[in-house]
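Chain by chain, the residues run as shown.
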Amino acid sequence: MERTWQTTKEAAGRNLATRGLDDFFDNVGEKEEEIVVGRDWKAQELRNKSFEDLHKLWYVLLKERNMLHTQKELMRSEGKRMAKPHRIRLVRKSMARIKAVLWERALAEEDPHKQSELKVMVHTM
């Protein structure tokens, strides 16, 4: 249940030396039509993933959400519109579905003590 920074770093796929402010900005300078947007994750797809995979995906989505909100505020301060703003909604839906899947797993847990721990973990996400 305890997660360490090492796991989080692995989830990001980058080491500490290469992290920086660039993580908070979309590919600056790209034209709107060059930005490729994926789809949101479906609950059934997430149910097939391990806890570790869901943890990694949560971290990636959290970084994406932070980057998108930073980009939105940057564009707003410049009086411009953000390219493809629906990406924020897709990320938010995927994160909500991860929480729902983890909540389902917590409810399915037979050990009451572990179930309680899982519920607290999901609630604090």
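Residues numbered from 1 in each chain as written. Predicted model: local features only at pLDDT ≥ 70, side-chain atom pairs only at ≥ 80, totals over all residues. Heavy atoms only, no water.

Caption draft 1: Main features of the pattern of salt bridges. The final tally for this structure, using the stated rule, is seven salt bridges. For Lys-93, the salt bridge goes to Asp-40, with nearest N and O atoms at 3.5 Å. Taken together, the positions of Lys-93 in helix H4 (residues 86-108) and Asp-40 in the loop between helix H1 (5-12) and helix H2 (43-47) put the pair 53 residues apart, joining distant regions of the chain. Between Arg-97 and Asp-40 there is a salt bridge; the shortest N-O distance is 2.6 Å. On the criterion of sequence distance, the pair formed by Arg-97 in helix H4 and Asp-40 in the loop between H1 and H2 is long-range, its members being 57 residues apart. Note on Asp-40: relative accessible area 5%, which makes it buried. Via salt bridges that share partners, Asp-40, Lys-42, Lys-93 and Arg-97 belong to a single interconnected network. (Salt bridge = Lys/Arg side-chain N within 4 Å of Asp/Glu carboxyl O. Helix = DSSP H or I, 4+ residues; strand = E, 2+ residues; numbered from the N terminus. Buried < 20%, exposed > 50% of the residue type's maximum accessible area, 1.4 Å probe, protein only.)

Caption draft 2: Examining H4 more closely. With 23 residues, H4 extends 33 Å between its outermost C-alpha atoms, agreeing within 8% with the 33 Å of an ideal straight helix rising 1.5 Å per residue. Looking at H4, one finds that the buried residues are Arg-87, Ile-88, Leu-90, Val-91, Ser-94, Met-95, Ile-98, Val-101, Leu-102 and Ala-106. Buried residues in H4 make contact with H2, helix H3 (51-77) and helix H5 (112-123). (Expected span 1.5 Å × (residues − 1). Contact = heavy atoms within 4.5 Å.)

Caption draft 3: Main features of unusual backbone geometry. At Lys-84, a residue that is not glycine, the phi angle is positive and equals roughly 50 degrees. Relative to the helices and strands, Lys-84 is located in the loop between H3 and H4.

Caption draft 4: Spotlight on H5. Counted at 1.5 Å a residue, the expected span for H5 with its twelve residues is 16 Å, and the 16 Å between its end C-alpha atoms agrees. When H5 is considered as a whole, its buried residues turn out to be Gln-115, Leu-118, Met-121 and Val-122. Viewed end-on, H5 has its buried residues packed into an arc of 125 degrees, placing them on one side of the element. Opposite the packed face of H5, turned more than 90 degrees from it, sit the exposed residues Pro-112, His-113, Val-120 and His-123. In this fold, the buried residues of H5 make contact with H3 and H4. (Arc of directions from axis to C-beta.)

Caption draft 5: Region of the structure containing the packing of H4 against H5. At a minimum axis separation of 8 Å, H4 and H5 run at an interaxial angle of 165 degrees. Here H4 lies roughly antiparallel to H5, going by the angle between them. Two packed elements cross with a definite hand, and for H4 against H5 that hand is left-handed. Contacts from Lys-99, Leu-102, Trp-103, Arg-105, Ala-106 and Leu-107 in H4 reach Gln-115, Leu-118, Lys-119, Val-122 and His-123 in H5. Split by residue class, the contact of H4 with H5 holds six nonpolar, two polar and three charged. (Axes fitted to C-alpha atoms, helices over the stretch in contact; angles between N-to-C directions. Parallel < 35°, antiparallel > 145°, perpendicular 65-115°, else oblique. Left-handed = near helix turned anticlockwise from the far one by under 90°. Nonpolar A, V, L, I, M, F, W, Y, C, P; charged D, E, K, R; others polar.)

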